[in-house]
Structure formats: structure tokens, C-alpha cells
Amino acid sequence: MIGSILCYVLFPLSRLICRLTGKLQKYDDSEDGSPPLLADRRGVQGSLLSQEEKALLQKWPGGRSVGQQGKLGDTVTVGQQLEPETVPTESSGQDSKRQEDLDRSAQSEQSAEKGSVVLDLEKSLSAPPAKGAEGMGDRFLAGWHFSTALGDREVVDYPSWQFQGMSYSPPAEMAPLEVAWREWEDLSGSHSQGLLPQSQESEEQFEFTIMSYNILSQDLLEVNADLYAHCPLEILTWDFRLNNILQELQKWEPDILCLQEAQENHFREQLEPFLSSMGYDCAYKRRTGSKTDGCAVCYQRTKFSVVSVSLLEYFRPDTELLDRDNVGLVVLLQPMMTERLAGGGQRSKVGPICIANTHLLFNPRRGDVKLTQLSIMMAEIDRMIDPWQEQGRSCPVLLCGDFNSVPNMPLYQFIRTGQLHYQGLPTWMISGQEDCSYKPYQRKLYAPLWPNRLGITDSCRYVTQCEKNKSDKLRYSHPFMLQFRYCQIACQRPHDLELIQGVTDAKPELPENWSQYTSVEHRLDSESYFPRFSNTIRHGLNLTSVYSHYFSDTGRPEVTTLHSGFGATVDYIFYTAEPVSNGQQGGRRLLQDGPLKLLGRLSLLSEEDLWAMKGLPNEIYSSDHICLLAKFRLDTSYF
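Residues numbered from 1 in each chain as written. Predicted model: local features only at pLDDT ≥ 70, side-chain atom pairs only at ≥ 80, totals over all residues. Heavy atoms only, no water.

Direction vectors running N to C along helix α7 (residues 238-252) and helix α8 (residues 264-277) enclose 30°, while the axes themselves pass 11 Å from each other. Relative to α8, α7 is oriented roughly parallel. Crossing geometry of α7 relative to α8 is assigned as right-handed. Between α7, through Trp-238, Leu-242, Leu-246, Leu-249 and Gln-250, and α8, the contact on the second element is made entirely by His-266, Gln-270, Leu-271, Phe-274 and Leu-275. Of the residues in the contact of α7 with α8, the class split is 7 nonpolar, 3 polar and no charged. (Axes fitted to C-alpha atoms, helices over the stretch in contact; angles between N-to-C directions. Helix = DSSP H or I, 4+ residues; strand = E, 2+ residues; numbered from the N terminus. Parallel < 35°, antiparallel > 145°, perpendicular 65-115°, else oblique. Left-handed = near helix turned anticlockwise from the far one by under 90°. Contact = heavy atoms within 4.5 Å. Nonpolar A, V, L, I, M, F, W, Y, C, P; charged D, E, K, R; others polar.)

Here's what the structure looks like:
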């Protein structure tokens with residue numbers, strides 16, 4: 001017992017006292033009254049270090065430097081390696097020791113100036129990327145190839161993805177903001193910089209603004225509550241959200257308003273009365289089935305009068321491909337400019353403007369459904385504007401909505417370029433919302449994209465619209481006419497036909513192998529009336545986008561929707577443009593402003609900006625989408 005106490009208590013205590021005594025002695029011997037730096041770092045100097053400790057210190061890899069304040073502990077010097085330190089012995093003089101200490105202090109200060117003695121995390125995060133680092137992410141981006149037409153291949157960039165595990169920390173304190181960080185971009189001066197000389201500006205001008213806004217149905221919010229787990233519950237209530245939405249509409253006061261996910265009871269009881277008090281007339285279409293939300297087109301009654309309205313349903317009970325409940329609207333609006341521009345009470349030659357609004361299917365893996373729904377919308381637009389075009393009058397188109405497709409993917413390219421060669425494309429690639437390339441089985445697109453009984457050609461026109469423009473000679477092919485050889489009326493001799501022996505008295509005899517069901521009159525889908533369906537779909541609307549989808553200064557993508565699982569651009573405003581003669585760039589058509597001159601737009605935000613505001617919805621923006629707003633001038637010289 002006594003031996004244990006001596007061994008484990010008294011002997012270590014005596015060694016500690018000896019070390020402290022030696023340290024105090026060295027402190028007293030110092031002329032300047034400052035403790036030696038090495039004593040603070042390692043605790044023991046001179047003969048108190050064993051030979052083994054000296055050898056370890058001399059072999060220490062990487063070297064070490066002393067902090068400027070001389071505090072206990074080691075600090076790492078980035079990109080610098082010091083020489084092994086030599087430890088003085090007791091026989092060394094005080095002058096040599098003092099000089100060594102001064103040299104070490106100077107060396108430490110020089111190291112602090114040359115290298116980063118302490119890593120500054122905040123400075124490192126805020127510093128701009130080094131040269132060559134900006135494109136490092138590109139190696140992880142796949143190049144998707146799809147063609148807009150046969151023989152026309154172009155590389156489409158893989159859209160940037162924000163993985164669910166990544167997020168940005170919102171600031172600790174957020175100042176009250178009024179429609180924060182969204183600026184009005186004036187584009188009125190860009191028309192003089194077109195690819196072709198612009199026509200002289202007419203004095204007859206009509207300016208208007210248009211907004212597209214997915215306001216997030218409250219029923220959908222509650223059903224998909226997991227997407228908004230990052231939001232405080234109080235800002236998700238309808239009363240709070242309604243107040244913010246109405247304030248935003250009052251702030252911008254668009255002349256034309258296109259809404260998506262407008263819940264029917266909220267629209268009829270609250271939104272429509274409020275908009276009516278602001279001077280709007282509205283057309284509304286609820287989704288089919290049990291869905292409670294829909295789309296609406298509202299317009300200022302003092303600036304437009306309605307010509308016609310088409311409420312569009314994509315659901316077809318006899319077509320499995322179209323078993324979804326999405327809808328759209330197509331509205332023809334006549335600008336109220338007769339008295340001001342025509343003069344003398346004459347009717348203006350300016351035709352109507354076609355406003356189309358839709359909300360396509362969300363499912364990222366059913367691009368076939370989205371393309372078919374979009375083609376129905378294109379066919380309906382064509383039907384609405386065709387009577388005006390037959391009269392030689394221009395009818396510009398504005399196509400708005402939530403298309404559930406990211407930029408530069410096949411669905412987007414189909415709208416912009418007017419054609420898409422879809423044969424063999426995976427259905428998930430059509431919209432680009434989700435990368436399913438890793439899956440062993442992938443649904444692909446093959447011709448025909450939709451059944452003929454839908455009544456729409458691969459040029460996105462109704463068959464009835466196509467046939468009325470054809471001559472009678474070319475309407476029916478020879479194989480088609482042969483199917484009538486043995487029909488019932490062909491086997492009966494007309495009563496007024498003169499009877500001639502051996503000529504008109506012969507009655508066609510039906511061959512034994514001829515089935516009565518091969519006759520076209522018994523074929524319910526009447527496929528022979530339709531032209532052959534190719535593996536390329538087209539439209540002739542010449543549409544371009546209001547937004548560029550990327551910030552010119554940073555190259556970051558613009559974002560129109562954001563929730564806990566996804567952030568990207570899926571909302572668009574497309575408008576009629578004018579193709580440039582012989583204008584090709586990378587296989588794409590070049591377009592310039594035509595009857596609709598884009599004067600300005602409300603800037604969008606990046607995903608980082610939105611996460612800094614605690615995502616969407618938040619205290620400022622009460623939907624998981626932000627609104628799109630553009631200003632146009634109607635150039636009447638095109639009419």
C-alpha cells in the first residue's frame with residue numbers, strides 16, 4: 001500500500017515540482033521578463049528533455065510554427081513546411097538563446113504574412129472560385145442528344161439538378177421585403193439590334209402586360225404537405241396566402257392574367273369578385289374528375305373585348321393515353337383601340353390576340369402524355385386563329401402556363417423550334433424533371449404517338465382543318481377508294497341507269513374471301529381517312545420565350561418553382577415571333593420580334609436567392625411558384 005502511494009502519487013508530484021522550479025528559474029533568468037516561447041509550447045527545455053524526446057522533435061514531419069500571440073497549441077501553416085527545430089541545451093549562453101527566440105518570433109510573423117496561419121472559413125466560402133474551377137461541375141453533366149427533325153442532331157445540355165440533401169442556410173434575421181429582389185428589366189431598346197432591319201415603327205401602338213401565375217391550390221398543398229415541411233404552418237394557411245396573392249396582383253395590375261391551380265371555390269367566392277372589382281372579366285375551367293383546381297384567363301375589360309372562348313379538356317374516356325384530368329383555355333381578345341387609332345369611328349384592321357393558358361401533367365415519367373396534351377393545345381390554337389389567317393389578318397399568340405418541363409429538353413424544344421423527332425426517346429427525357437437513365441427498363445416513344453381517333457395530325461392540326469384546305473382530287477388515295485368496290489351501294493344498279501345487255505346489267509359478285517368488315521364503312525376508327533403518321537411532330541406557330549432561363553452575369557439558372565424536393569423553371573410565357581430568312585444557328589431557327597414587341601419583363605430569382613428567403617412559400621411569396629410578368633407592344637404595321 002505504502003509502495004503504491006510512493007510510486008503513483010509522491011514520485012510524480014516531486015517530478016512536477018522539479019519541472020515548475022526549473023521553469024520559474026528560467027523565467028527569472030530572462031532579462032526582458034518574458035517567458036520563452038518554447039517553454040510555453042513544450043513545457044520543458046534544456047536538460048529536462050530526454051534524448052528520446054529530442055530525437056522525436058527533430059524527426060517531426062511537416063514542421064510547426066508558433067502563433068503570433070505565443071499561446072499554447074499548434075497552428076497549421078497551409079502550403080509551407082518549416083525546418084526541424086533545434087532545442088538548445090543548458091550549456092548554451094543566454095545571448096544565443098535570446099537570439100534564437102527572436103529569430104523564431106520573426107519566422108512566425110513572416111509565416112503569418114506569407115501563408116494562412118489559421119484557416120478563415122468565412123473568407124474561404126465567400127471568395128470567388130479559382131481559375132479553372134468554374135467548369136469543374138461540367139464533367140458531371142451528361143450530354144443528351146435528341147433531334148428536332150430527321151438528319152438534324154443537336155446536343156442539349158443536361159439540366160442542373162439540386163439534390164434533396166443540399167440546401168442553403170437562411171439568414172438569421174430577414175428584413176421585411178416587398179416583392180424582394182425582383183427588378184423590372186427594360187428591353188425596349190433591344191429592337192434596334194435585331195438580326196434584320198426592323199420595319200419603321202408605326203404610330204399606331206397598343207401596349208399591354210401579361211402575367212402567368214401558378215398560385216398553388218390549397219387542397220394540393222394539404223395533400224402534399226411533405227413538400228412544404230420547411231415552411232412555418234402559419235404561412236401555409238389560405239387566409240395568409242390569399243392576402244399576399246391579392247397584394248401581388250394589386251401591385252403589378254397586369255392587363256391579362258393567366259392563373260393555374262386556382263381552386264374553384266376560392267376562385268368563385270374570393271378571387272373572381274376581387275378581380276372584378278379591379279376591372280377584370282374572367283373565364284375559368286376546372287379540371288375534370290375529382291380535382292378541385294383549374295385554370296383561368298382574366299383580362300381588363302377597358303382594354304380588351306372577348307371574341308371567343310374555348311374551354312379545353314385533355315381527358316378522353318376512349319383513349320388510355322389521355323386518362324388524365326388536365327385542362328386549358330384558349331381565348332381570343334380584341335384590343336380596344338378602334339376609336340383611338342382608326343379615327344372617325346372606323347373599325348381597326350388589327351385582329352385579335354390569342355391567349356392560351358394550360359397546366360400540363362406533372363408526372364416526370366410520362367412525357368408521352370405531356371406531348372399529346374400539348375399537341376391538343378396547339379391544334380386548338382390553330383383552329384381558333386385559322387379563320388383570321390384565311391382573311392390575311394395576323395393573329396399573334398401568347399402561350400402561358402405551367403408546362404412541368406425544364407428548359408432545353410424535348411418538350412421545350414418542340415415549342416421553340418416547331419418540330420420534334422421523338423422516335424425512341426425515353427419518356428422521362430421529354431420534360432427533364434427527373435433523371436431515370438439508371439433504370440434498366442425505360443418507357444420509350446414510338447410512332448404513332450397518339451391514336452388516329454384523336455382526330456389530330458402529326459402537324460398538330462385537327463383533321464377537319466386539314467381536309468378543308470385540300471382539293472377534292474387529292475383528298476382520297478387509290479387504295480382507299482378500292483375499299484368501296486363491294487360496298488352495299490356499289491352492288492345496286494341505279495334506277496335511272498339505262499339497261500344495256502352485257503354492260504349495265506352486270507352485278508358485282510362478292511369474292512368468297514372478302515370480309516364485309518374490311519369495308520371502310522364498318523371501320524369505326526376510320527384510319528384510312530388520316531394521313532400516315534410519321535415519327536416527327538410539328539406546329540407552325542413560331543413561338544419564342546420571354547425569359548432566357550439563365551442569368552447573364554452569373555450563368556446560374558433562373559427558377560420559377562421551388563419546394564423541398566425540386567427547384568427549376570417550369571413556367572413560361574411564349575409569344576409569336578417572326579422567323580429570320582435563312583437564319584440558322586446550331587440547327588435552330590432564329591426568331592425576332594414581329595407583331596408583338598417585348599418591351600420588358602419582371603426578373604426571376606435563382607434557387608440560392610429563394611432559399612435565402614426560407615424557400616417557397618414564404619412570408620413574401622405565398623405559392624411554390626413565382627409569377628411571370630412581361631410587357632408587349634402590338635405593332636399594328638403587321639396587320
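Resuming the write-up.
Right, let's get into the packing of aromatic side chains. In the structure shown here, the tally under the stated rule is 11 aromatic pairs. Ring centres of Phe-208 and Phe-304 lie 5.9 Å apart, and the angle between their planes is 85°; on these two criteria the pair is classed as edge-to-face. With a gap of 96 residues between them, Phe-208 in strand β4 (residues 205-214) and Phe-304 in strand β8 (residues 304-313) connect regions that are remote in the sequence. Residues Phe-208 and Phe-304 agree in their burial class; the two are buried. Clustering of aromatic rings is evident, with ring pairs tying together Phe-206, Phe-208, Phe-304, Tyr-575 and Phe-632. Directly above the aromatic system of Trp-252 lies the positively charged group of Lys-251, at a separation of 5.2 Å from the ring centroid. Against the face of Phe-206 rests Lys-303, its NZ or CZ located 5.2 Å from the ring centre. (Phe/Tyr/Trp six-rings, centres within 6.5 Å; stacked < 30°, edge-to-face > 60°. Buried < 20%, exposed > 50% of the residue type's maximum accessible area, 1.4 Å probe, protein only. Lys NZ or Arg CZ within 6 Å of the ring centre and 35° of its normal.)

Here we take up the pattern of salt bridges. Side-chain pairs of opposite charge can arise whenever the charged atoms involved come near each other. Evaluated as defined, the whole model comprises 16 salt bridges. Where Glu-185 meets Arg-601, a salt bridge forms, and the shortest distance between an N and an O atom there is 2.7 Å. Remark: Arg-601 occurs in strand β19 (residues 596-602) and Glu-185 occurs in strand β3 (residues 184-186); sequence separation between them is 416 residues. Overall, the relative accessible area of 25% leaves Glu-185 in the partly exposed class. Given the relative accessible area of 14%, Arg-601 is considered buried. A salt bridge links Lys-631 to Glu-207; the nearest nitrogen and oxygen atoms lie 3.5 Å apart. (Salt bridge = Lys/Arg side-chain N within 4 Å of Asp/Glu carboxyl O.)

The subject of this paragraph is α7. Counted at 1.5 Å a residue, the expected span for α7 with its 15 residues is 21 Å, and the 21 Å between its end C-alpha atoms agrees. Every buried residue of α7 is listed here: Trp-238, Arg-241, Leu-242, Asn-244, Ile-245, Leu-246, Glu-248 and Leu-249. Of the surrounding elements, those touching the buried residues of α7 are β4, α6 (218-223), β5 (256-263) and α8. With its phi angle positive at about 45°, Glu-253 sits one or two positions after the end of α7. (Expected span 1.5 Å × (residues − 1).)

For any two helices packed against each other, the geometry comes down to the angle between their axes and how far apart the axes lie. Between helix α10 (residues 367-390) and helix α11 (residues 410-417), whose axes approach to 10 Å, the crossing angle comes to 20°. As summarised for this structure, α10 and α11 are arranged roughly parallel, according to the angle between their axes. Our pair here, α10 against α11, has a crossing hand that is right-handed. Contacts from Lys-370, Leu-371, Leu-374, Ser-375 and Met-378 of α10 reach α11 at Leu-411, Phe-414 and Ile-415.

The biggest cluster of nonpolar side chains holds 62 residues, and the ones touching the most others in it are Phe-208, Ile-210, Ile-355, Leu-398 and Phe-632. For Phe-208, the residues in contact, after removing those within four places along its chain, are Asp-255, Ile-256, Lys-303, Phe-304, Ile-353, Leu-398, Leu-596, Ala-630, Lys-631 and Phe-632. The next biggest cluster of nonpolar side chains, apart from the first, holds 53 residues, and it includes Met-377, Trp-388, Tyr-412 and Leu-425. (Core = buried A, V, L, I, M, F, W, Y, C linked by side-chain atoms within 4.5 Å.)

On to the pairing of β5. In terms of burial, β5 is largely enclosed, as 8 of its 8 residues are buried. Bridge count between β5 and strand β7 (residues 293-300): 6 bridges; the pairing is antiparallel. Bridge assignment links Gln-263 to a residue of β7, and that residue is Asp-293. (Pairing = 2+ DSSP bridges.)

Looking along the chain, the bond that leaves Ala-447 and enters Pro-448 is cis, with omega of -5°. Mapped onto the secondary structure, Pro-448 falls in the loop between β12 (419-421) and α12 (463-467). Cis geometry marks the peptide bond from Leu-616 to Pro-617, where omega comes out at -10°. Tracing the backbone through its elements, the reader meets Pro-617 in the loop between α14 (607-612) and β20 (628-635). In this structure, Glu-261 takes a positive phi of about 55° despite not being glycine. Structurally, Glu-261 is set in strand β5. Despite not being glycine, Cys-460 has its phi angle at roughly 55°, a positive value.

What follows deals with the sheet that holds β4. Taking strand neighbours across the sheet as the criterion, the 7 strands line up as β3-β19-β20-β4-β5-β7-β6 in an open arrangement whose pairing is mixed. For this open sheet the edge positions go to β3 and β6 (280-286), each flanked by a neighbour on one side alone. Here the average twist between neighbouring strands, direction ignored, is 20°. Pairing of β6 with β7, which is carried by 7 bridges, proceeds in the antiparallel orientation. Bridge assignment links Tyr-280 to a residue of β7, and that residue is Gln-300. Sitting on the sheet, α8 touches β5, β6 and β7, and the angle it makes with β6 is about 165°.

This part takes up the confidence of the model for the protein. It should be kept in mind that the predicted coordinates are not to be read in detail where pLDDT is low. Here the protein shows a mean pLDDT of 75. Residues at 70 or above account for 61%. Contacts from residues 192-203, a stretch scored under 50 in pLDDT, to residues over four places away or in other chains number 22 contacts. Note on residues 517-529: pLDDT is under 50 here. Beyond four places in sequence and across chains, it has 22 contacts. (pLDDT = per-residue confidence, 0-100.)

In this section: the side chain of Asp-571. Assignment of secondary structure puts Asp-571 in strand β17 (residues 571-585). The side chain of Asp-571 sits in the buried core without any salt bridge; Arg-182 is the nearest counter-charge, 9.8 Å away. Separated by 2.8 Å, the side chains of Asp-571 and Thr-560 make a polar contact. Those residues in contact with Asp-571 that lie beyond four places of it in its chain are Asn-214, Gln-260, Gly-401, Asp-402, Thr-560, Thr-561, His-625 and Leu-628. (Lys, Arg positive; Asp, Glu negative; His and termini not counted. Polar contact = N/O pair within 3.5 Å; in protein donor to acceptor, adjacent residues only side chain to side chain.)

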